[in-house]
Amino acid sequence: MNKFISVEEAVAMIKDGDTIMVGGFLGVGTPLRLIDALAASGRKNLTLISNDTAYPDKGVGKLITNKQISKLYVSHIGTNQNTMDQINAGELKVEFCPQGSLAERIRCGGAGLGGVLTATGLGTVVAEGKQVINVDGKDYLLEKPLRADFALIGASKGDKDGNLIYRGTSQNFNPMMAMAADTVIAEINEIVETGEIAPEAVITPSILVKYIIK
């Protein structure tokens, strides 16, 4: 199966109101060409699941700047003033999640689990509205799983079937997001022939990747 599509074809699949996960940490590991095209598309009312909102002029920060995001699941927004301004103005709904808890919620979404129990956030605003479960005399917050319509991920290297590897910290959220979305679209920096990547080196297997950006 030929998985290659253009950036334009990829963006055309995403509709107003969809939920998207975007890999990356302040832009590192983010599929920048794909996000740039989405920012130029005019799509609106999107829900974004991301570690952070990068910078106003880079990565998912462009979607914030363009006011294309209506709800945000995130662990950090401190590098994007536009995010803070929109939250304060009531234009952007946000659910803050400790970084580790956010990663676990995505992992649970991909693994088909009902959530994760964590002590992180107990007694803070993070716990507001969440279920507390006692296990062996100790309280835990129930952090529920997260899934998305699309996961937009950036890989350092991949083959033509979509087997992916990530170099250094670009791995961050990409592998778990590739498991937690209905449709996974990968932007790969270096594309090689199928079979050139040793099986034991593959981090995201091709069965998870629906499309590859040309």
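Residue numbers here run from 1 along each chain, matching the order of that chain's written sequence. Under the rules for a predicted model, residues below a pLDDT of 70 receive no local features and side-chain atom pairs below 80 are neither given nor counted, while totals for whole chains, interfaces and linings still include all residues. Only hydrogens and water are set aside; all other atoms, that is, all heavy atoms of the structure, feed into the side-chain values.

Asks: I would appreciate a short explanation of the overall build of the protein chain in the present structure.
Replies: Strands here are runs of E lasting at least two residues and helices are runs of H or I lasting at least four, both read from the DSSP assignment and numbered beginning at the N terminus. Assigned secondary structure in the protein chain consists of 6 helices and 12 strands. Both definitions apply: the radius of gyration is a C-alpha atom measure, and the globule rule equals 2.2 Å times residues to the power 0.38. Computed over C-alpha atoms, the radius of gyration of the protein chain comes to 17 Å, within 12% of the 17 Å expected from 2.2 N^0.38 for 214 residues, which places it in the range of a compact globule. Of the accessible surface of the protein chain, which amounts to about 9800 Å², a share of 51% is contributed by carbon and sulfur atoms. Counting 21 positive and 24 negative side-chain charges, the protein chain places the averaged centre of each group 3 Å from the other. Per-residue accessibility takes into account occlusion by the displayed protein chains alone, with areas from the Shrake-Rupley method and a 1.4 Å probe. For the purpose of charge, His is not counted, nor are the chain termini; Lys and Arg are scored as positive and Asp and Glu as negative. Lysine's charge is taken at NZ, arginine's at CZ, aspartate's at CG and glutamate's at CD.

Asks: In this structure, what is going on with the pattern of salt bridges? I would like to understand it.
Replies: Close approach of charged atoms allows side chains with opposite charge to pair. Salt bridge, as used here, is a side-chain nitrogen of Lys or Arg placed within 4 Å of a carboxyl oxygen of Asp or Glu. Throughout the structure, instances matching the rule amount to 10 salt bridges. Residues Asp36 and Lys62 are paired through a salt bridge, measuring 2.9 Å at the closest nitrogen-oxygen approach. Residue Asp36 is located in helix α2 (residues 32-41), and its partner Lys62 is located in helix α3 (residues 61-65); the two are separated by 26 residues in the primary sequence. Here's how the labels work: a residue is buried when its accessible area is under 20% of the maximum for its type, exposed when over 50%, partly exposed in between, all with a 1.4 Å probe on protein chains only. For Lys62, a relative accessible area of 26% translates into the label partly exposed. Taking the shortest distance from any N to any O, the salt bridge between Glu143 and Arg105 comes out at 3.8 Å. Here Glu143, found in strand β8 (residues 138-143), pairs with Arg105, found in helix α5 (residues 99-111); they are 38 residues apart in sequence, far enough to count as distant. Residue classification places Arg105 among the buried positions, given a relative accessible area of 5%. It is possible to trace a salt-bridge network through shared partners that takes in Glu95, Arg105, Lys130 and Glu143.

Asks: Even after reading the chapter, I still don't get the environment of Met177, so can you show me in this structure?
Replies: You can see Met177 is positioned in helix α6 (residues 174-177). You can call Met177 buried: its relative accessible area is 0%. When the C-alpha positions of Met177 and Val202 are compared, they lie 15 Å apart, and in sequence the two are 25 residues distant. We call two residues in contact when some of their heavy atoms are within 4.5 Å. For Met177, the residues in contact, after removing those within four places along its chain, are Met21, Val22, Gly23, Ile49, Ser50, Ile106, Ala151 and Ile153.

Nothing here speaks to function; it is geometry throughout.
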